[in-house]
Amino acid sequence: MHAWLCENPIGVDALTWQERPTPQPGAGEVLIRIEAASLNFPDLLIVQNKYQMKPPLPFVPGSEYAGTIEAVGEGVTHLKVGQAVACLSGTGGFGTHTLAPAKLCMPLPAGFPAVDAAAFIMTYATSHHALMDRGQLKAGETVLVLGAAGGVGTAAIQIAKAAGARVIAAASNAEKCALCTSIGADATINYSTENLREALKTLTDGKGPDIIYDPVGGEFAEPAFRSIAWRGRYLVVGFAAGPIPALPWNLALLKGASIVGVFWGDFSRREPAANAAMMQELAQWYGAGKIKPVIHNTLPMAQLKQAYADMGSRGVMGKLVMVN
Ligand SMILES: NC(=O)c1ccc[n+]([C@@H]2O[C@H](COP(=O)([O-])OP(=O)(O)OC[C@H]3O[C@@H](n4cnc5c(N)ncnc54)[C@H](OP(=O)(O)O)[C@@H]3O)[C@@H](O)[C@H]2O)c1
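The model shown is predicted, which means the values in this text are computed figures rather than measured ones.

A few words now on the packing of helix α3 (residues 121–134) against helix α4 (residues 151–162). Interaxial distance between α3 and α4 falls to 8 Å at its minimum, and their mutual angle equals 55°. By the angle between their directions, the pair α3 and α4 is classed as oblique. Seen along the crossing, α3 lies across α4 with a hand that is right-handed. Mapping the contact onto sequence places Thr123, Tyr124, Thr126, Ser127, His128, Leu131 and Met132 in α3 and Gly151, Val152, Ala155, Ala156, Gln158, Ile159 and Ala160 in α4. Class assignment for the residues of the contact of α3 with α4 results in eight nonpolar, six polar and no charged.

This is the structure in C-alpha coordinates:
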(Lines give C-alpha, C1' and ligand atoms only; values in the text may rest on other atoms or scores of the structure.)
Protein backbone atom coordinates (compact mmCIF):
# COMPACT_ATOMS: atom_id res chain seq x y z
CA MET A 1 0.00 0.00 0.00
CA HIS A 2 0.94 3.68 -0.30
CA ALA A 3 0.08 6.57 1.99
CA TRP A 4 0.94 10.18 2.78
CA LEU A 5 2.99 10.08 5.96
CA CYS A 6 3.26 12.85 8.55
CA GLU A 7 6.50 12.22 10.43
CA ASN A 8 6.95 15.79 11.61
CA PRO A 9 3.77 17.94 12.02
CA ILE A 10 5.24 21.19 10.74
CA GLY A 11 2.90 21.57 7.78
CA VAL A 12 1.80 20.15 4.46
CA ASP A 13 5.26 20.44 2.82
CA ALA A 14 6.69 17.84 5.20
CA LEU A 15 4.20 15.12 4.10
CA THR A 16 5.74 12.32 2.02
CA TRP A 17 4.08 9.67 -0.21
CA GLN A 18 5.55 6.35 0.94
CA GLU A 19 5.19 2.64 0.31
CA ARG A 20 4.16 0.81 3.51
CA PRO A 21 3.40 -2.82 4.37
CA THR A 22 -0.33 -3.49 4.04
CA PRO A 23 -1.51 -4.14 7.63
CA GLN A 24 -3.88 -6.90 8.73
CA PRO A 25 -6.89 -5.96 10.86
CA GLY A 26 -6.79 -6.72 14.59
CA ALA A 27 -9.82 -7.46 16.76
CA GLY A 28 -12.66 -5.08 16.00
CA GLU A 29 -10.93 -3.64 12.93
CA VAL A 30 -11.38 -3.81 9.17
CA LEU A 31 -8.95 -3.22 6.32
CA ILE A 32 -10.41 -0.77 3.79
CA ARG A 33 -9.24 -0.21 0.21
CA ILE A 34 -9.78 3.52 -0.09
CA GLU A 35 -11.55 4.83 -3.17
CA ALA A 36 -12.10 8.44 -2.08
CA ALA A 37 -11.10 10.67 0.84
CA SER A 38 -12.33 14.20 1.46
CA LEU A 39 -10.58 17.16 3.03
CA ASN A 40 -12.06 18.55 6.20
CA PHE A 41 -10.87 21.62 8.10
CA PRO A 42 -9.21 19.50 10.86
CA ASP A 43 -7.04 17.79 8.19
CA LEU A 44 -5.44 21.18 7.64
CA LEU A 45 -4.80 21.72 11.34
CA ILE A 46 -3.63 18.22 12.28
CA VAL A 47 -0.55 18.27 9.99
CA GLN A 48 0.50 21.56 11.64
CA ASN A 49 0.08 20.21 15.19
CA LYS A 50 -2.73 22.79 15.68
CA TYR A 51 -5.65 20.37 16.12
CA GLN A 52 -6.99 19.25 19.50
CA MET A 53 -6.27 15.60 18.60
CA LYS A 54 -2.50 14.93 18.35
CA PRO A 55 -1.93 11.41 16.96
CA PRO A 56 1.33 9.61 17.77
CA LEU A 57 3.97 10.07 15.05
CA PRO A 58 4.21 9.04 12.32
CA PHE A 59 0.59 9.10 11.19
CA VAL A 60 -1.36 9.17 7.94
CA PRO A 61 -3.71 12.19 7.79
CA GLY A 62 -7.17 11.97 6.20
CA SER A 63 -10.09 12.06 8.60
CA GLU A 64 -12.87 10.84 6.32
CA TYR A 65 -12.96 8.33 3.47
CA ALA A 66 -14.96 5.68 1.66
CA GLY A 67 -14.02 2.40 0.04
CA THR A 68 -14.38 -1.36 0.09
CA ILE A 69 -13.62 -3.77 2.93
CA GLU A 70 -10.76 -6.13 2.04
CA ALA A 71 -10.39 -7.99 5.37
CA VAL A 72 -12.20 -8.12 8.71
CA GLY A 73 -10.65 -8.70 12.14
CA GLU A 74 -11.77 -10.95 14.96
CA GLY A 75 -15.17 -10.18 16.43
CA VAL A 76 -16.42 -8.12 13.48
CA THR A 77 -19.79 -9.58 12.60
CA HIS A 78 -21.78 -6.72 11.01
CA LEU A 79 -19.38 -6.04 8.11
CA LYS A 80 -18.03 -8.36 5.44
CA VAL A 81 -15.34 -8.47 2.76
CA GLY A 82 -16.47 -6.67 -0.40
CA GLN A 83 -18.86 -4.33 1.44
CA ALA A 84 -18.80 -0.60 0.60
CA VAL A 85 -18.39 1.66 3.65
CA ALA A 86 -17.73 5.26 4.64
CA CYS A 87 -15.70 6.02 7.73
CA LEU A 88 -14.67 9.00 9.79
CA SER A 89 -11.82 7.84 11.99
CA GLY A 90 -9.75 11.05 12.27
CA THR A 91 -6.67 9.75 10.42
CA GLY A 92 -5.66 7.17 7.79
CA GLY A 93 -7.62 8.37 4.76
CA PHE A 94 -4.89 9.83 2.55
CA GLY A 95 -3.56 6.54 1.21
CA THR A 96 -4.58 3.48 -0.75
CA HIS A 97 -5.55 1.36 2.30
CA THR A 98 -6.20 1.86 6.00
CA LEU A 99 -7.23 0.00 9.11
CA ALA A 100 -10.41 1.36 10.70
CA PRO A 101 -12.43 0.52 13.79
CA ALA A 102 -15.43 -1.48 12.53
CA LYS A 103 -17.80 0.45 14.83
CA LEU A 104 -17.01 3.71 12.99
CA CYS A 105 -17.84 2.30 9.54
CA MET A 106 -21.13 3.24 7.93
CA PRO A 107 -22.29 0.56 5.46
CA LEU A 108 -23.28 2.20 2.19
CA PRO A 109 -26.52 1.39 0.40
CA ALA A 110 -26.37 0.65 -3.34
CA GLY A 111 -26.24 3.84 -5.39
CA PHE A 112 -24.12 5.82 -2.89
CA PRO A 113 -20.92 6.62 -4.85
CA ALA A 114 -17.62 6.67 -2.93
CA VAL A 115 -16.93 10.33 -3.80
CA ASP A 116 -20.23 11.45 -2.22
CA ALA A 117 -19.83 9.03 0.70
CA ALA A 118 -16.33 10.32 1.50
CA ALA A 119 -17.74 13.85 1.76
CA PHE A 120 -20.81 13.02 3.80
CA ILE A 121 -20.42 12.07 7.46
CA MET A 122 -18.60 15.07 8.96
CA THR A 123 -20.48 17.86 7.22
CA TYR A 124 -24.01 16.46 7.23
CA ALA A 125 -23.82 15.02 10.75
CA THR A 126 -22.48 18.32 12.09
CA SER A 127 -25.12 20.41 10.36
CA HIS A 128 -28.03 18.09 11.21
CA HIS A 129 -26.98 17.87 14.87
CA ALA A 130 -26.53 21.65 14.92
CA LEU A 131 -29.79 22.70 13.27
CA MET A 132 -32.22 19.98 14.28
CA ASP A 133 -30.97 18.93 17.73
CA ARG A 134 -29.10 21.89 19.21
CA GLY A 135 -31.06 24.55 17.31
CA GLN A 136 -34.50 22.87 17.42
CA LEU A 137 -35.25 24.25 13.94
CA LYS A 138 -38.93 24.35 12.99
CA ALA A 139 -40.43 24.57 9.51
CA GLY A 140 -41.09 28.17 8.50
CA GLU A 141 -38.23 29.63 10.55
CA THR A 142 -35.44 31.67 8.95
CA VAL A 143 -31.85 30.38 9.12
CA LEU A 144 -28.78 32.48 8.39
CA VAL A 145 -25.76 30.36 7.37
CA LEU A 146 -22.37 32.09 7.54
CA GLY A 147 -19.49 30.67 5.44
CA ALA A 148 -22.36 29.12 3.53
CA ALA A 149 -20.38 27.89 0.51
CA GLY A 150 -17.96 25.83 2.64
CA GLY A 151 -18.19 22.17 3.61
CA VAL A 152 -20.47 22.37 6.64
CA GLY A 153 -22.17 25.50 5.23
CA THR A 154 -23.42 23.80 2.05
CA ALA A 155 -24.68 20.87 4.14
CA ALA A 156 -26.45 23.33 6.47
CA ILE A 157 -28.25 25.00 3.54
CA GLN A 158 -29.55 21.65 2.26
CA ILE A 159 -30.59 20.37 5.69
CA ALA A 160 -32.37 23.59 6.62
CA LYS A 161 -34.25 23.51 3.31
CA ALA A 162 -35.12 19.83 3.81
CA ALA A 163 -36.55 20.82 7.22
CA GLY A 164 -38.78 23.50 5.68
CA ALA A 165 -36.81 26.59 6.68
CA ARG A 166 -36.15 29.76 4.74
CA VAL A 167 -32.38 30.06 4.22
CA ILE A 168 -30.24 33.17 3.93
CA ALA A 169 -26.73 32.21 2.85
CA ALA A 170 -23.82 34.56 3.54
CA ALA A 171 -20.43 34.18 1.85
CA SER A 172 -17.43 36.25 0.77
CA ASN A 173 -17.90 36.56 -2.99
CA ALA A 174 -20.48 36.49 -5.78
CA GLU A 175 -19.43 33.05 -7.06
CA LYS A 176 -19.92 31.52 -3.63
CA CYS A 177 -23.31 33.25 -3.27
CA ALA A 178 -24.37 31.89 -6.68
CA LEU A 179 -23.44 28.37 -5.60
CA CYS A 180 -25.57 28.77 -2.46
CA THR A 181 -28.55 29.86 -4.58
CA SER A 182 -28.04 26.86 -6.88
CA ILE A 183 -28.36 24.44 -3.94
CA GLY A 184 -31.49 26.03 -2.51
CA ALA A 185 -30.71 29.21 -0.57
CA ASP A 186 -33.66 31.63 -0.74
CA ALA A 187 -31.48 34.74 -0.46
CA THR A 188 -27.77 35.52 -0.24
CA ILE A 189 -25.56 38.16 1.31
CA ASN A 190 -22.06 38.86 0.01
CA TYR A 191 -20.44 39.98 3.28
CA SER A 192 -17.41 41.37 1.47
CA THR A 193 -19.49 44.02 -0.28
CA GLU A 194 -22.76 44.30 1.69
CA ASN A 195 -23.43 45.47 5.24
CA LEU A 196 -24.51 42.28 7.01
CA ARG A 197 -26.85 43.97 9.50
CA GLU A 198 -28.58 46.15 6.89
CA ALA A 199 -29.00 43.21 4.51
CA LEU A 200 -30.47 41.01 7.26
CA LYS A 201 -32.88 43.79 8.28
CA THR A 202 -34.11 44.08 4.70
CA LEU A 203 -34.37 40.33 4.10
CA THR A 204 -36.29 39.62 7.33
CA ASP A 205 -38.51 42.75 7.53
CA GLY A 206 -36.54 43.86 10.57
CA LYS A 207 -37.22 40.69 12.52
CA GLY A 208 -33.81 38.96 12.13
CA PRO A 209 -33.00 35.28 11.59
CA ASP A 210 -34.36 32.72 14.08
CA ILE A 211 -31.22 30.60 13.82
CA ILE A 212 -27.68 31.65 12.95
CA TYR A 213 -25.33 28.85 11.92
CA ASP A 214 -21.74 30.06 12.39
CA PRO A 215 -18.73 27.94 11.35
CA VAL A 216 -16.59 31.05 10.74
CA GLY A 217 -16.34 33.15 13.94
CA GLY A 218 -14.22 36.28 13.57
CA GLU A 219 -15.54 39.73 12.71
CA PHE A 220 -19.10 38.83 11.63
CA ALA A 221 -20.17 37.05 14.80
CA GLU A 222 -21.11 40.15 16.80
CA PRO A 223 -23.04 41.97 14.03
CA ALA A 224 -24.83 38.71 13.22
CA PHE A 225 -25.78 38.16 16.85
CA ARG A 226 -27.00 41.76 17.14
CA SER A 227 -29.38 40.98 14.25
CA ILE A 228 -30.84 37.75 15.67
CA ALA A 229 -34.61 37.41 16.16
CA TRP A 230 -36.42 37.30 19.50
CA ARG A 231 -35.84 33.81 21.00
CA GLY A 232 -33.11 33.28 18.38
CA ARG A 233 -30.51 30.49 18.64
CA TYR A 234 -26.90 31.25 17.66
CA LEU A 235 -25.11 28.00 16.78
CA VAL A 236 -21.39 28.10 17.58
CA VAL A 237 -19.99 25.59 15.06
CA GLY A 238 -16.42 26.66 14.32
CA PHE A 239 -13.80 29.36 13.87
CA ALA A 240 -12.55 29.01 10.29
CA ALA A 241 -11.58 32.72 10.25
CA GLY A 242 -9.23 32.20 13.21
CA PRO A 243 -10.24 34.66 15.94
CA ILE A 244 -12.69 33.39 18.56
CA PRO A 245 -15.34 36.08 19.03
CA ALA A 246 -16.34 37.51 22.41
CA LEU A 247 -19.88 38.86 22.83
CA PRO A 248 -21.36 41.35 25.32
CA TRP A 249 -23.82 39.17 27.28
CA ASN A 250 -26.47 41.88 27.39
CA LEU A 251 -27.16 41.15 23.71
CA ALA A 252 -28.44 37.69 24.67
CA LEU A 253 -30.67 39.23 27.35
CA LEU A 254 -32.14 41.84 25.01
CA LYS A 255 -33.29 39.23 22.47
CA GLY A 256 -34.15 36.39 24.87
CA ALA A 257 -31.62 34.60 22.67
CA SER A 258 -29.41 31.55 23.21
CA ILE A 259 -25.77 30.92 22.33
CA VAL A 260 -25.70 27.21 21.64
CA GLY A 261 -22.51 25.14 21.40
CA VAL A 262 -22.22 22.42 18.74
CA PHE A 263 -19.67 19.61 19.09
CA TRP A 264 -20.75 16.77 16.84
CA GLY A 265 -17.68 14.58 17.59
CA ASP A 266 -18.47 14.41 21.29
CA PHE A 267 -22.20 14.05 20.60
CA SER A 268 -21.44 10.92 18.53
CA ARG A 269 -19.29 9.46 21.35
CA ARG A 270 -21.56 10.41 24.26
CA GLU A 271 -24.90 9.71 22.58
CA PRO A 272 -24.20 6.91 20.07
CA ALA A 273 -27.81 5.75 19.75
CA ALA A 274 -29.07 9.26 18.92
CA ASN A 275 -26.19 9.71 16.48
CA ALA A 276 -26.94 6.40 14.75
CA ALA A 277 -30.60 7.39 14.35
CA MET A 278 -29.53 10.72 12.89
CA MET A 279 -27.13 9.05 10.42
CA GLN A 280 -29.92 6.74 9.33
CA GLU A 281 -32.19 9.71 8.64
CA LEU A 282 -29.41 11.44 6.68
CA ALA A 283 -28.82 8.32 4.55
CA GLN A 284 -32.58 8.25 3.80
CA TRP A 285 -32.52 11.95 2.85
CA TYR A 286 -29.57 11.23 0.53
CA GLY A 287 -31.48 8.33 -1.06
CA ALA A 288 -34.51 10.59 -1.53
CA GLY A 289 -32.36 13.26 -3.21
CA LYS A 290 -32.98 15.87 -0.47
CA ILE A 291 -29.26 16.26 0.25
CA LYS A 292 -26.16 15.72 -1.87
CA PRO A 293 -22.56 16.75 -1.15
CA VAL A 294 -21.31 19.66 -3.24
CA ILE A 295 -18.06 18.41 -4.78
CA HIS A 296 -15.78 21.30 -5.73
CA ASN A 297 -13.25 19.01 -7.39
CA THR A 298 -11.80 15.50 -7.33
CA LEU A 299 -8.02 15.10 -7.52
CA PRO A 300 -5.75 12.05 -7.69
CA MET A 301 -4.48 11.06 -4.22
CA ALA A 302 -0.94 11.91 -5.32
CA GLN A 303 -2.00 15.60 -5.64
CA LEU A 304 -2.86 16.00 -1.96
CA LYS A 305 -0.54 18.98 -1.52
CA GLN A 306 -2.40 20.86 -4.28
CA ALA A 307 -5.70 20.10 -2.51
CA TYR A 308 -4.34 21.40 0.79
CA ALA A 309 -3.17 24.59 -0.94
CA ASP A 310 -6.63 25.11 -2.49
CA MET A 311 -8.37 24.63 0.85
CA GLY A 312 -5.93 26.87 2.71
CA SER A 313 -6.50 29.71 0.25
CA ARG A 314 -10.27 29.84 0.96
CA GLY A 315 -10.95 28.97 -2.69
CA VAL A 316 -12.94 25.77 -2.22
CA MET A 317 -16.73 25.64 -2.56
CA GLY A 318 -18.22 22.55 -0.94
CA LYS A 319 -15.76 19.68 -0.67
CA LEU A 320 -12.47 18.61 -2.23
CA VAL A 321 -12.16 14.85 -2.67
CA MET A 322 -9.01 12.81 -3.33
CA VAL A 323 -9.48 9.63 -5.37
CA ASN A 324 -7.39 6.48 -5.95
N1 LIG B 1 -18.48 21.93 15.91
C2 LIG B 1 -18.36 20.84 15.18
O3 LIG B 1 -18.81 19.77 15.57
C4 LIG B 1 -17.66 20.95 13.86
C5 LIG B 1 -17.71 19.89 12.94
C6 LIG B 1 -17.11 20.06 11.68
C7 LIG B 1 -16.43 21.25 11.40
N8 LIG B 1 -16.38 22.23 12.33
C9 LIG B 1 -15.68 23.50 12.07
O10 LIG B 1 -16.40 24.25 11.11
C11 LIG B 1 -15.50 25.14 10.45
C12 LIG B 1 -15.74 25.07 8.96
O13 LIG B 1 -15.42 23.77 8.47
P14 LIG B 1 -15.60 23.44 6.92
O15 LIG B 1 -15.19 22.01 6.76
O16 LIG B 1 -16.92 23.89 6.45
O17 LIG B 1 -14.46 24.37 6.29
P18 LIG B 1 -14.43 25.05 4.85
O19 LIG B 1 -15.07 24.15 3.86
O20 LIG B 1 -13.03 25.46 4.62
O21 LIG B 1 -15.38 26.33 4.99
C22 LIG B 1 -15.04 27.35 5.87
C23 LIG B 1 -15.62 28.65 5.36
O24 LIG B 1 -15.20 29.65 6.29
C25 LIG B 1 -15.03 30.87 5.60
N26 LIG B 1 -13.79 31.54 6.06
C27 LIG B 1 -13.74 32.78 6.55
N28 LIG B 1 -12.49 33.12 6.86
C29 LIG B 1 -11.72 32.06 6.53
C30 LIG B 1 -10.32 31.82 6.62
N31 LIG B 1 -9.48 32.72 7.11
N32 LIG B 1 -9.85 30.61 6.21
C33 LIG B 1 -10.69 29.68 5.74
N34 LIG B 1 -12.05 29.85 5.64
C35 LIG B 1 -12.54 31.04 6.04
C36 LIG B 1 -14.96 30.56 4.11
O37 LIG B 1 -16.14 31.13 3.54
P38 LIG B 1 -16.15 32.63 2.98
O39 LIG B 1 -14.95 32.78 2.08
O40 LIG B 1 -17.43 32.68 2.24
O41 LIG B 1 -16.11 33.50 4.18
C42 LIG B 1 -15.07 29.05 4.01
O43 LIG B 1 -15.91 28.64 2.96
C44 LIG B 1 -14.09 24.73 10.90
O45 LIG B 1 -13.65 25.63 11.89
C46 LIG B 1 -14.29 23.35 11.47
O47 LIG B 1 -13.31 23.02 12.44
C48 LIG B 1 -16.99 22.10 13.53
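The six strands are arranged β10-β9-β8-β11-β12-β13 in an open sheet whose pairing can be described as parallel. Each having just a single partner strand, β10 (187–190) and β13 (258–261) make up the two edges of the open sheet. Neighbour-to-neighbour, the strand axes of this sheet turn through a mean angle of 20°, independent of strand direction. Relative to strand β9 (residues 166–171), strand β8 (residues 142–145) runs parallel, the two sharing four bridges. Its bridge partner being in β9, Leu144 is matched across the sheet by Ile168. On the sheet, helix α5 (residues 174–182) packs against β9 and β10 and is oriented at approximately 165° with respect to β10.

The next thing to look at is the pairing of strand β15 (residues 319–323). Summarising burial for β15: four of the five residues are buried, a large majority. Sheet topology note: the strand β3 (residues 29–38)/β15 ladder contains three bridges and is antiparallel. By the bridge assignment, Ala36 is partnered in β15 with Val323. Traced from strand β14 (residues 295–300) through helix α11 (residues 304–312) to β15, the parallel crossover comes out right-handed.

It is common to give the size of an interface as the accessible area that goes away when the parts come together. Per the domain assignment, the segments of the protein are domain 1 (2–120 + 293–323) and domain 2 (123–265). The C-alpha-based centres of domain 1 and domain 2 are spaced at 29 Å. Each partner contributes residues to the interface: domain 1 has 13 residues there, and domain 2 has 17 residues. Summed over both partners, the interface of domain 1 with domain 2 buries about 1,100 Å², with 63% contributed by carbon and sulfur atoms.

Quick look at the packing of α3 against helix α10 (residues 272–287) now. Two elements in contact, α3 and α10, have axes separated by 10 Å at closest approach and are oriented at 110°. In terms of axis orientation, α3 runs roughly perpendicular to α10. Here α3 and α10 pass one another in a crossing that is right-handed. In this structure, α3 uses Ile121, Tyr124, Ala125, His128 and His129 to contact α10, whose residues at the interface are Met278, Met279, Glu281, Leu282 and Trp285. Its residues assigned to classes, the contact of α3 with α10 shows seven nonpolar, two polar and one charged.

Sizing a probe to match a water molecule and rolling it over the atoms shows the empty space that remains. The calculated volume of the second largest pocket comes to roughly 320 Å³. Forming the walls of the second largest pocket are 16 residues, and the residues nearest its centre are Val60, Thr91, Gly92, Thr98 and Leu99. If you list the elements that add at least two residues to the lining of the second largest pocket, you get β1 (2–5) and β6 (97–101). Of the residues assigned to the lining of the second largest pocket, the class counts are ten nonpolar, five polar and one charged.

In this section: the site of the ligand. Within the structure, the ligand sits among 23 residues, and Gly151, Ser172, Lys176, Tyr191 and Val262 are positioned closest to it. Note that an oxygen atom of the ligand is positioned 2.5 Å from one of the side-chain N or O atoms of Tyr191. When isolated, the ligand has an accessible area of 910 Å², and the protein chains bury 87% of it. When grouped by side-chain class, the residues that make up the shell around the ligand number 15 nonpolar, six polar and two charged. When residues are assigned to domains, the shell around the ligand turns out to be shared by domain 1 (2–120 + 293–323) and domain 2 (123–265), each giving three or more.

Calculation criteria
Here, residues in each chain are numbered from 1, in the same order as that chain's written sequence. Restriction of local features to residues with pLDDT of at least 70 applies here, the model being predicted, together with a cutoff of 80 or more for giving and counting side-chain atom pairs; totals for whole chains, interfaces and linings are based on all residues. Computation of side-chain values covers all heavy atoms of the structure but excludes hydrogens and water. Throughout, an axis means a line fitted to C-alpha atoms (over the contacting stretch in the case of helices), and angles, computed between N-to-C directions, take values from 0 to 180 degrees. By the criteria applied, helices consist of DSSP H or I runs no shorter than four residues and strands consist of E runs no shorter than two, each listed in order from the N terminus. Any angle from 65 to 115 degrees is called roughly perpendicular, while one under 35 is roughly parallel, one over 145 is roughly antiparallel, and all others are oblique. Crossing handedness is read from the near helix: turned anticlockwise from the far helix by less than a right angle, it gives a left-handed crossing, and turned clockwise, a right-handed one. Throughout, a residue-residue contact means that at least one pair of heavy atoms, one from each residue, lies within 4.5 Å. Lys, Arg, Asp and Glu make up the charged group, whereas Ala, Val, Leu, Ile, Met, Phe, Trp, Tyr, Cys and Pro make up the nonpolar group; the residues left over, Gly among them, are polar. When DSSP finds at least two bridges between two strands, those strands are taken to pair. Exposure is judged per residue with a 1.4 Å probe applied to protein chains only, and the accessible area is read against the type maximum: over 50% gives exposed, under 20% gives buried, and values in between give partly exposed. Orient the strands so they point away from the viewer; a crossover is then right-handed if the path from the first strand over the helix to the second runs clockwise. For every domain, the bounds stem from an assignment made automatically or drawn from a database. Here the buried area means the combined drop in accessible surface, using a 1.4 Å probe, for two parts upon being joined, counting both sides. Points on a 1 Å grid, built from protein atoms alone, make a cavity when a 1.4 Å probe fits but cannot get out and make a pocket when they are open with protein on both sides within 12 Å along at least 5 of 7 lines; residues with an atom within 4 Å of a point are the lining residues. Grid points are joined across faces, edges and corners, and a volume is the space filled by probe spheres set on the points. Being near a molecule or strand, for a residue, means having at least one of its heavy atoms within 4 Å of it. We define a polar contact as two N or O atoms separated by no more than 3.5 Å, with the added condition that, inside protein, one atom must be a possible hydrogen donor and the other a possible acceptor, whereas residues neighbouring each other in sequence contribute only through side-chain atom pairs. The protein chains shown are the only cover counted for residues, whose accessible areas, like all others here, come from Shrake-Rupley with a 1.4 Å probe.

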